[in-house]
Amino acid sequence: MQSLDEVVLDKKTVILRIDVNAPYDPEKNRIQRTDRFDGHGRTIRELLQRNAKVVLLAHQGRQGRDDFTRLEQHAQILSEVVGRDIDFVSDVAGDEAKRKILGLQPGKALLLDNVRLLDDETELVTPEEHASSNIVKELAPLADMFVNDAFSVSHRSHASVVGFTAVLPSYAGRIMLDEINSTQKAMRADRKNVLVVGGNKIDDVEAVIAYVLDTNPTAIEYVVTGGIIANAFLAAKGHELGERNRATIEESADNAIARAETILNKDTGKIIVPVDLAVKQYDRQELTVDALPTEHPIWDIGDKTGQLYCHYVSQADAVIVKGPLGRYEAEGFAKGTEHVLDCIRQADVFSMLGGGNTRYTALHEMDFSQDDFSHVSLAGGAFIAFLAGEELPGLAALDTTD
Ligand code: 3PG
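Cut-off values and rules
Residues numbered from 1 in each chain as written. Predicted model: local features only at pLDDT ≥ 70, side-chain atom pairs only at ≥ 80, totals over all residues. Heavy atoms only, no water. Near = heavy atom within 4 Å. Polar contact = N/O pair within 3.5 Å; in protein donor to acceptor, adjacent residues only side chain to side chain. Areas by Shrake-Rupley, 256 points an atom, 1.4 Å probe, with all protein chains shown as cover. 1 Å grid on protein atoms, 1.4 Å probe; cavity = no way out; pocket = protein on both sides within 12 Å on 5 of 7 lines; lining within 4 Å. Sits in = over half its atoms within 2 Å of the grid points. Nonpolar A, V, L, I, M, F, W, Y, C, P; charged D, E, K, R; others polar. Helix = DSSP H or I, 4+ residues; strand = E, 2+ residues; numbered from the N terminus. Buried < 20%, exposed > 50% of the residue type's maximum accessible area, 1.4 Å probe, protein only. Patch = residues over 30% accessible without salt bridge, like charges linked within 9 Å, V, L, I, M, F, W, Y side chains within 5 Å. Salt bridge = Lys/Arg side-chain N within 4 Å of Asp/Glu carboxyl O. Lys, Arg positive; Asp, Glu negative; His and termini not counted. Charge placed at Lys NZ, Arg CZ, Asp CG, Glu CD. Contact = heavy atoms within 4.5 Å. Core = buried A, V, L, I, M, F, W, Y, C linked by side-chain atoms within 4.5 Å.

(A) Focus on the site of the ligand. Around the ligand sit Asp19, Asn21, Arg36, His59, Arg62, Arg116, Ser152 and Arg156, and that is every residue in its neighbourhood. The separation between an oxygen atom of the ligand and a polar side-chain atom of Asp19 is 2.7 Å. The separation between an oxygen atom of the ligand and a polar side-chain atom of Asn21 is 3.0 Å. Here the ligand, which alone exposes 310 Å², has 85% of that area covered by the protein. At a threshold of 2 Å from the grid points, most atoms of the ligand map onto the second largest pocket. For the shell around the ligand, the per-class residue count stands at no nonpolar, 3 polar and 5 charged.

Encoded structure:
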């Protein structure tokens, strides 16, 4: 992949794909300002300082869903973040968009409207096929180059992500390279890497665990588990969790326990499960796994498990955290997640947080900041796909190695 270091930007028209897809409140018509704006803000600022004419492409939500909206507020937020006016153009690839691009001055940026307004944007076809999509056909002739800074949408083979690479010199943006380099560093085969997984998205976690057990066994030494995924492993190991907890696991994904059992059959000691748990019985109550079953809902790892996990992460060279270890939003049940994150903060390890919820939880609902970790990923689905060893079309399209 070629980076922005290798290119002259002065007076060049650059199409920059960013991802500022954000939570949207349709009742208040309000877009939430997230870290994604700040992240891409850095890349935009650099391009402007280097005197490029910057044409920003982005999406918000999906057609048919209530988070699907125009990008006017995104332009306002980006202007605040970058500290310069970023014009919003309420058109994507029509005459208005083209007129504005042709009139753009060096050192200025504009944001076109939601690329998903175009029906052929989300067709899952190759970069070459997307070269004849609306957006690429109309905008590429006006530009000198394409930069993809949107790692977090690069698991989508969409026109604005892959199409320009077939017809324009293409580069990886700063956020894109940071994301790739950090994830690769955290999974380097010659080091002791620990993956901390939690949350309730069993399907995602299962794909990642399958990859680090089967396909890339040297990437991760231990997989430390919390949340519903840990409960599924405990059940698969034969612990009776109680009817209520078993039902919660089964509701979270089809055949969750049977699938956890299949994973455990391949496990060579990598998967670490809790030795004690915290249940909601009036307030937080701890019990060891030997004291199971319980009629009360399991909402966190217990204190002994917190200490055990602290030991694993402190001994590691690198730690990747994906998902909270308990039901952190309930009073008293953030303890396990906070304890482990605090150990990571204090340990001398390369640390990485990923997955939309994990980032938001740690940085906005708990007392952690970006500086407490070596890298905080801005990606959700793309981060999981990358960890699970999938080829990301947006990255493959930038790859110039063959
Ligand atoms: C994200 O928010 O994870 C990305 O912008 C991708 O969004 P999508 O899942 O709607 O493609």
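Back to the write-up after that little detour.
(B) Spotlight on the environment of Leu325. Residue position: Leu325 is located in the loop between strand 15 (318-322) and helix 13 (335-346). Residue classification places Leu325 among the buried residues on the basis of a relative accessible area of 2%. Considered as a pair, Leu325 and Phe146 are 179 residues apart in the sequence and their alpha carbons are 40 Å apart.

(C) Region of interest: a negative patch on the surface. Taken together, the side chains of Asp119, Glu123, Glu128 and Glu129 define an acidic patch exposed on the protein surface. As for its position among the elements, Glu128 is in helix 4 (residues 127-130).

(D) The side chain of Thr34, seen in detail. Looking at the secondary structure, you find Thr34 in the loop between strand 3 (30-31) and helix 1 (35-49). Among residues more than four places away in sequence, those in contact with Thr34 are Ala22 and Pro23.

(E) Structural detail: the nonpolar core. In terms of nonpolar packing, the biggest core is built from 57 residues, with Phe151, Ile209, Phe233, Ile249 and Ile271 touching the most fellow members. Setting aside chain neighbours within four positions, we find Ile209 in contact with Val197, Val223, Phe233, Ile263 and Ile271. Counting 30 residues, the second-largest nonpolar core is a separate cluster that includes Val7, Ile31, Leu47 and Val54.

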